[in-house]
Each structure stands twice: as C-alpha cells, then as structure tokens.
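Here is what each chain is made of, one letter per residue.
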Amino acid sequence: MTKPFTPNDLVRYIYQEMSEGENEKLVQALREDGTLMQEYLELLSTIDQLDQLILQPSEKVVKGIIKKANSTGLEKIKSF
C-alpha cells in the first residue's frame, strides 16, 4: 500500500526537507498520481506568486509609528 502524501509533504519536498527515501517515494507518487501532481504544481505556482510580492506598510501605519515614536521621545526618526 502506498503512503498517501499530504500538502505538508509536498511543501517539505519543495523546500528539500525530506529524507532521500521519502523523496524517492514522493517522486514516484507524483509520476503515478495526476491529482497529486496537480496539487504539487499549484503549490509551486503559489510559492512563486508569494515570492514576487513586495509588501509595504500603508501610509496610515507609517504615520502611526512616527506619531508613537514622537510621543515617546524618539523624535530623531525621520518621516519618509
């Protein structure tokens, strides 16, 4: 009986956190199970999209931080 692989297993595979034996079993499962392969490809796509995100705080958050810094005697922080 083949071990059913979970999304966590796929993430471990993507980030190379599996043992060599687990790796080989998962690769074989990916070859044999189209659904598992589709899930793997979707995870790769999601990780790629997350890696491309550029996160920046909103202007409201920046102003709040500056206001808090000014109220605590940390006036040397410059606004952007």
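Only a predicted model underlies this, so the values are computations on that prediction, with no experimental measurement involved.

**Topic: the side chain of Asp 9**
Position of Asp 9 relative to the elements: it lies in helix α1 (residues 7-14). Look at Asp 9 and you get buried, because its relative accessible area is 8%. Looking at Asp 9, its side chain comes within polar contact range of the main-chain nitrogen of Thr 6, at 2.9 Å. Sequence-distant contacts of Asp 9, defined by excluding residues within four places in its chain, comprise Lys 3, Pro 4, Met 18 and Leu 26.

**Details of the nonpolar core**
By size, the foremost hydrophobic cluster in this structure holds ten residues: Phe 5, Leu 10, Ile 14, Met 18, Leu 26, Ala 29, Leu 30, Leu 36, Tyr 40 and Ile 47. Every element with two or more residues in this core is listed here: α1, α2 (20-32) and α3 (34-52). Excluding its chain neighbours within four sequence positions, the residues that come into contact with Leu 36 are Phe 5, Leu 10, Leu 26, Ala 29 and Leu 30.

**Looking at unusual backbone geometry**
Across residues other than glycine, the phi torsion is negative in most instances, and most of the peptide bonds are trans. The residue Gln 16 is not glycine, and still its phi comes out positive at about 55°. Relative to the helices and strands, Gln 16 is located in the loop between α1 and α2. Taking relative accessible area as the criterion, Gln 16 reaches 74% and is therefore assigned exposed.

Reading guide: rules and limits
- Residues numbered from 1 in each chain as written.
- Predicted model: local features only at pLDDT ≥ 70, side-chain atom pairs only at ≥ 80, totals over all residues.
- Heavy atoms only, no water.
- Helix = DSSP H or I, 4+ residues; strand = E, 2+ residues; numbered from the N terminus.
- Buried < 20%, exposed > 50% of the residue type's maximum accessible area, 1.4 Å probe, protein only.
- Polar contact = N/O pair within 3.5 Å; in protein donor to acceptor, adjacent residues only side chain to side chain.
- Contact = heavy atoms within 4.5 Å.
- Core = buried A, V, L, I, M, F, W, Y, C linked by side-chain atoms within 4.5 Å.

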